Amino acid sequence: MTERPIILGIVGDSAAGKTTLTRGLAQVFGKENVTAICTDDYHRYDRQQRAEMGISALHPDCNYLDIIEQHLDLLSQGKSILKPIYNHSTGKFDPPEYIEPRKYVIVEGLLGYSTRKMRESYDIKVYLAPPESLRSFWKIKRDTRKRGYTDEQVLEQLKKREPDSEAYIRPQRKWADVIVSFYPPDKESEANNLLLNVKLILRPTIPHPNLTHILNAEGNHLGSAIRLGLDRDMGKPVDILAIDGHATEEQVRELEKTFCNEVPFLGQFCSLDGNKEIGTVVGTTGESLRSYPLALTQLLVAYHMLKDRVG
Ligand SMILES: Nc1ncnc2c1ncn2[C@@H]1O[C@H](COP(=O)(O)OP(=O)(O)OP(=O)(O)O)[C@@H](O)[C@H]1O
Ligand SMILES: O=C(CO)[C@H](O)[C@H](O)COP(=O)(O)O
């Protein structure tokens, strides 16, 4: 490709929702426009070796960080890479694959912001930070259904990895432009994706949409389900945009308008009207339902990717 791709980073602990957000964005932009890479493929050791060495996949020494840096650099110049593949079913490595960067490159994984060189390659950096209880719930559900583990094995893994999560994963939060925290309004609704609220922490490291009118609730329909506030995160000032799972369609449309006013063709990709799939999650009986907090999270990240492209 001739045009430099836009590179989005998504970092967070295991089962924090990186792949879910990546898939949602690929759906928004069209799979033909997106190259998605998971840095699990850059593990240095296979599952058996890790067990023998007593090292977790979260440890920097257990990953080829230098090769991730090189590949990010090549992709950001529009050049192809030969990417390793870690197979989560076998715990071993498959033959590498040839990857050409498309318009939008999404790089998601555990340690994507752990070196300066990596951080410099992204146009936008997102960090996913669900509460630990929700992450454990998601990890147990995902690893038992899709990766062949038992509940006990997943809980044991979570416990063993906690020191590495604390030392190497969570500190990366400080490098993000946007921190995304889905959370249940109460303990009982943890399992109900549709009821999840979201807190979007916006750092002043990139220009965010102008949301100041939300601060003044008069004259808009956003009510209390969508709120903007000022706070501190890791000691630094941030804006916080909070969206509740029970926000109404009218309130969501009002916020969408704010985003789309600044990036006019955003609407065709990811407004409630322009994209029927946005914010879609699968309900308990397999039906497709829409989560407004997820839809608006996808819209905000897409806003930054498209704004970068035109601006
Ligand atoms: N926004 C969300 N709303 C509802 N459920 C979610 C959301 N994000 C993640 N999940 C649930 O959590 C599970 C794990 O998410 P996902 O696979 O996206 O995590 P991950 O960060 O990519 O994990 P890993 O790094 O271990 O591969 C999903 O299978 C899904 O059930
Ligand atoms: O935290 C993880 C990221 O998805 C995985 O557990 C990591 O990739 C190690 O894989 P496995 O569970 O196959 O040993």
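Quick notes on the rules
- Position numbers for residues count from 1 along each chain, tracking the sequence in the order it is written.
- Note on labels: chains are lettered from A, ligands numbered from 1, in written order.
- Local features are withheld for residues below a pLDDT of 70 in this predicted model, meaning they are given only at 70 or higher, and side-chain atom pairs are given and counted only at 80 or more; totals for whole chains, interfaces and linings count all residues.
- Excluded from the side-chain calculations are hydrogens and water; all other atoms, namely the structure's heavy atoms, are used.
- Numbering goes from the N terminus for both helices and strands, where a helix is a DSSP run of H or I of at least four residues and a strand is a run of E of at least two.
- Here's how the labels work: a residue is buried when its accessible area is under 20% of the maximum for its type, exposed when over 50%, partly exposed in between, all with a 1.4 Å probe on protein chains only.
- Contacts: residue pairs with any heavy atoms within 4.5 Å of one another.
- Residue-level accessible areas treat just the shown protein chains as cover; the underlying method is Shrake-Rupley with a 1.4 Å probe.
- When charges are counted, Lys and Arg are positive and Asp and Glu negative, with His and the chain ends excluded.
- Charge positions come from single atoms, namely NZ of Lys, CZ of Arg, CG of Asp or CD of Glu.
- Multiplying one less than the number of residues by 1.5 Å gives the expected span of a helix.
- As annotated, the domain borders come from an automatic or database domain assignment.
- Buried area: the accessible area, evaluated with a 1.4 Å probe, that two parts lose upon being put together, summed over both parts.
- Between Lys or Arg on one side and Asp or Glu on the other, a salt bridge is scored when a side-chain nitrogen of the former is within 4 Å of a carboxyl oxygen of the latter.
- Under the rule applied, a polar contact is a pair of N or O atoms within 3.5 Å (in protein, one hydrogen donor and one hydrogen acceptor; residues adjacent in sequence only if both atoms are side-chain atoms).
- Paired strands, in this sense, are two strands between which DSSP finds at least two bridges.
- Lines are fitted to the C-alpha atoms to define the axes, a helix being fitted only along its stretch in contact, and any angle between axes, read from their N-to-C directions, falls within 0 to 180 degrees.
- For this purpose, a residue is taken to be near a molecule or strand whenever a single non-hydrogen atom of the residue falls within 4 Å of it.
- All residues other than Ala, Val, Leu, Ile, Met, Phe, Trp, Tyr, Cys, Pro, Asp, Glu, Lys and Arg, Gly among them, are scored as polar; the first ten of these are nonpolar and the last four charged.
- Only residues whose relative accessible area exceeds 30% and that form no salt bridge are eligible for patches; like-charged ones are grouped when within 9 Å, while nonpolar side chains (Val, Leu, Ile, Met, Phe, Trp, Tyr) are grouped when within 5 Å.
- Here a pair means two rings of Phe, Tyr or Trp (six-membered ring of Trp) with centres within 6.5 Å. Their orientation is stacked below 30 degrees between planes, edge-to-face above 60, and tilted elsewhere.
- Ring-over charges, as used throughout, are those where CZ of Arg or NZ of Lys falls within 6 Å of the ring centre and within 35 degrees of the ring normal.

### Some thoughts on the overall build of the protein
Here comes step 1: Within the protein, the secondary structure is distributed over 10 helices and 12 strands.
Here comes step 2: C-alpha extents for the protein along the principal axes are approximately 60 × 50 × 40 Å.
Here comes step 3: When burial is assessed residue by residue, the protein has 54% of its 311 residues classed as buried.
Here comes step 4: Counting only contacts in the protein whose residues sit at least 6 apart along the sequence, the fraction spanning at least 24 positions is 67%.
Here comes step 5: Summing over all exposed atoms, the protein offers an accessible surface of approximately 14,800 Å²; the carbon and sulfur share of this is 51%.
Here comes step 6: Here the protein contributes 41 positively and 43 negatively charged side chains, and the mean placements of these two sets differ by 2 Å.

### Structural notes on helix 5 (residues 132–146)
Helical geometry: 3.6 residues make up each α-helical turn, so side chains three or four residues apart lie on a common side.
Here comes step 1: Across its 15 residues, helix 5 extends 20 Å between first and last C-alpha, which sits within 8% of the 21 Å expected from 1.5 Å per residue.
Here comes step 2: Where helix 5 is buried, its residues meet helix 6 (151–169) and strand 7 (178–183).
Here comes step 3: Positive phi shows up at G148, right after helix 5, with a value of about 75°.

### Looking at the domain arrangement of the protein
Here comes step 1: Partitioning the protein into structural domains gives domain 1 (1–127) and domain 2 (177–310).
Here comes step 2: Counting residues at the interface gives 19 residues for domain 1, matched by 19 residues for domain 2.
Here comes step 3: When the two sides are added together, the surface that domain 1 and domain 2 hide from each other amounts to roughly 1,800 Å², 64% of it contributed by carbon and sulfur.
Here comes step 4: Counting across the interface, domain 1 meets domain 2 through zero salt bridges.
Here comes step 5: Run the count over domain 1 and domain 2 and you get four residue pairs in polar contact (both at pLDDT 80 or more).
Here comes step 6: Secondary-structure elements contributing two or more residues to the side of domain 1 that touches domain 2 are strand 1 (6–11), helix 1 (18–29), strand 5 (104–109) and strand 6 (124–128).

### Re the sheet that holds strand 7
Here comes step 1: Strands sit in the order 2-5-1-6-7-8-10-9 across an open sheet of eight strands; the sheet is mixed. Edge positions in the sheet fall to strand 2 (34–38) and strand 9 (226–233), since each has one partner strand and no second. Direction aside, neighbouring strands of the sheet carry axes that sit 20° apart on average.
Here comes step 2: Each of strand 1, strand 2, strand 5 and strand 6 touches helix 1; the most contacted strand, strand 5, lies at about 170° to it.

### A short note on the site of ligand 1
Here comes step 1: In the vicinity of ligand 1, 15 residues are found, and the nearest of them are S14, K18, T19, T20 and R142.
Here comes step 2: In this structure, K18 approaches ligand 1 through a side-chain N or O atom, which is 2.7 Å from an oxygen atom.
Here comes step 3: Taking T20, its side chain carries an N or O atom lying 2.6 Å from an oxygen atom of ligand 1.
Here comes step 4: Coverage of ligand 1 by the protein chains reaches 90% of its 630 Å² of free accessible surface.
Here comes step 5: For the shell around ligand 1, the secondary-structure elements that each account for two or more residues are helix 1 and helix 5.
Here comes step 6: Per-class residue counts for the shell around ligand 1 are five nonpolar, five polar and five charged.

### Considerations on the pairing of strand 10 (residues 236–243)
Here comes step 1: Two strands pair when backbone bridges link them, and strand 8 (residues 197–202) and strand 10 are joined in this way by five bridges, in the antiparallel orientation. Bridge assignment links V198 to a residue of strand 10, and that residue is I243.
Here comes step 2: Linking strand 9 to strand 10, which pair antiparallel, is a turn of two residues; within it M234 sits at a positive phi near 50°.

### Structural notes on the site of ligand 2
Here comes step 1: Around ligand 2, the neighbouring residues are S14, D40, H43, R47, R50, A57, Y86, H88, R147, Y149 and R161.
Here comes step 2: Between ligand 2 and the protein, one listed contact pairs an oxygen atom with a side-chain N or O atom of H43 at 2.6 Å.
Here comes step 3: Between Y149 and ligand 2, the recorded distance is 2.9 Å, taken from a side-chain N or O atom to an oxygen atom.
Here comes step 4: Relative to its unbound accessible area of 360 Å², ligand 2 is 94% covered by the protein chains.

### Re a positive patch on the surface
Here comes step 1: Taken together, the side chains of R23, K31, R145 and K146 define a basic patch exposed on the protein surface.
Here comes step 2: Position of K146 relative to the elements: it lies in helix 5.

### Here's the deal with the packing of aromatic side chains
Here comes step 1: A complete count under the given rule lists four aromatic pairs for this structure.
Here comes step 2: Ring geometry for F259 and Y303: centres 6.1 Å apart, planes at 50°, overall tilted. With F259 in helix 8 (residues 249–262) and Y303 in helix 10 (residues 292–310), the pair connects residues that are 44 residues apart, well separated along the chain. Here F259 matches Y303 in class, with each residue buried.
Here comes step 3: The aromatic ring of W175 is capped on one face by R119, whose charged end is 3.5 Å from the ring centroid.

### Details of unusual backbone geometry
Here comes step 1: Located in the positive-phi region is A15, a residue other than glycine, with phi close to 70°.
Here comes step 2: Structurally, A15 can be placed in the loop between strand 1 and helix 1.
Here comes step 3: Backbone geometry places M234, a non-glycine residue, at a positive phi of 50°.
Here comes step 4: With respect to the helices, strands and loops of the structure, M234 is situated in the loop between strand 9 and strand 10.

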